[in-house]
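# Fold and geometry: a report
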Amino acid sequence: MNKPLIIGVAGGTASGKTSVSTILYDAFADRTITLLRQDDYYNDQSHMTLEERVKTNYDHPLSMDNELLVKHLKKLMLGYSIEKPIYDYTQHTRSELTEKIEPTKIIIVEGLFVLEDVQIRDLLDIKVFVEADDDIRFIRRLLRDTTERGRTIESVISQYTESVKPMHQQFIEPTKKYADIIVPDGKTNTVAIDLLITKINSILNA
Ligand code: ADP
Ligand code: C5P
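Not measured: the values here are computed from a predicted model.

## Some remarks on unusual backbone geometry
- One non-glycine residue with positive phi stands out, namely Ala 14, at about 60°.
- With respect to the secondary-structure elements, Ala 14 resides in the loop between strand 1 (5-11) and helix 1 (17-27).
- The class for Ala 14 is buried, based on a relative accessible area of 13%.
- At His 92, a position not held by glycine, the phi torsion is positive, near 55°.
- Tracing the sequence through the fold places His 92 in the loop between strand 3 (82-88) and strand 4 (93-101).
- Classification of His 92 as buried rests on a relative accessible area of 10%.

Structure below.
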């Protein structure tokens, strides 16, 4: 099998990484394609109590098991399948289940730190940074985390001010400089998404 095309989609929390990645995934659903989420590669914290896990800074790069993500990307590149971890936001750790992922022609890897980690960055053929106004991202996150991730309004606000925002400024915003394309307005930016689809097609057909 030829080396797969690997597309990295970075950006701050609730910037629209998953939405943009899903549109790209759907656009190539007639080919073999995988969407890996870096969130599934948060460190395994099953040895810690729930009380301890809540205190982890999930916006610092060290909270990620990037070593495993790189290992998995390299295995897929060599044509081997992987057992991908599955993350449980309510328990703040990996679930006991894994998902078998077969090698595919296209791999999208999306997450906060996919442009921050040099080993991941070096594996990417196309680097995307999804951008959205900080206030908009906070509002989206508040809605999402209280409805989908089992959080209280108070916990979302304190987490945002204590770690999400400062870590974003320190570790995520600066990685915009590594992007080949910056996508303002995420999924509604159909021009940027169409450009990406055209580029991906041209690489695949070359
Ligand atoms: P990320 O993966 O960067 O955290 P998501 O794509 O999951 O972001 O988007 C976070 C939330 O914001 C979701 O509920 C999604 O539906 C919403 N959202 C994303 N992009 C937009 C947009 N352009 N306009 C309105 N809502 C959006
Ligand atoms: O989808 P999104 O990019 O927003 O996911 C990353 C966010 O998930 C991080 O900003 C981090 O604060 C949050 N997170 C969390 N609790 C966890 C793991 C991640 O709030 N257990």
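## Observations concerning the layout of surface pockets
- Reported here for the largest pocket is a volume of approximately 610 Å³.
- The wall of the largest pocket is formed by 30 residues, among which Thr 13, Ala 14, Arg 37, Arg 144 and Arg 149 lie closest to the centre.
- With four residues, helix 5 (residues 134-147) is the single largest residue contributor to the lining of the largest pocket.
- In terms of residue class, the lining of the largest pocket is made up of six nonpolar, 10 polar and 14 charged.
- Taken as a whole, the second largest pocket holds about 350 Å³ of empty space.
- As for the second largest pocket, its lining consists of 17 residues, of which Val 54, His 92, Arg 151, Ser 155 and Gln 159 are closest to the centre.

## A few points about the nonpolar core
- Grouped together as the largest cluster of nonpolar side chains are 30 residues, with contacts concentrated most on Leu 36, Leu 69, Leu 73, Val 109 and Ile 120.
- With five residues, helix 3 (residues 66-77) is the single largest residue contributor to this core.
- When near neighbours in sequence (up to four residues on either side) are disregarded, Leu 69 contacts Leu 36, Gln 38, Tyr 41, Val 109 and Ile 120.
- Grouped together as the second largest cluster of nonpolar side chains are 19 residues, Ile 126, Val 183, Ile 193 and Ile 197 included.

## Points about the site of ligand 2
- Among the 18 residues in the neighbourhood of ligand 2, the closest are listed as Thr 13, Lys 17, Asp 59, Arg 141 and Arg 144.
- The fraction of the free accessible surface of ligand 2 (470 Å²) that becomes covered by protein chains is 99%.
- When residues of the shell around ligand 2 are traced back to their parent elements, those giving at least two are helix 5 and helix 6 (153-172).

Rules used in this analysis
- Residues numbered from 1 in each chain as written.
- Chains lettered and ligands numbered in written order.
- Predicted model: local features only at pLDDT ≥ 70, side-chain atom pairs only at ≥ 80, totals over all residues.
- Heavy atoms only, no water.
- Helix = DSSP H or I, 4+ residues; strand = E, 2+ residues; numbered from the N terminus.
- Buried < 20%, exposed > 50% of the residue type's maximum accessible area, 1.4 Å probe, protein only.
- 1 Å grid on protein atoms, 1.4 Å probe; cavity = no way out; pocket = protein on both sides within 12 Å on 5 of 7 lines; lining within 4 Å.
- Points joined across faces, edges and corners; volume = space filled by probe spheres on them.
- Nonpolar A, V, L, I, M, F, W, Y, C, P; charged D, E, K, R; others polar.
- Core = buried A, V, L, I, M, F, W, Y, C linked by side-chain atoms within 4.5 Å.
- Contact = heavy atoms within 4.5 Å.
- Near = heavy atom within 4 Å.
- Areas by Shrake-Rupley, 256 points an atom, 1.4 Å probe, with all protein chains shown as cover.

Distances and angles like these do not, on their own, reveal function.
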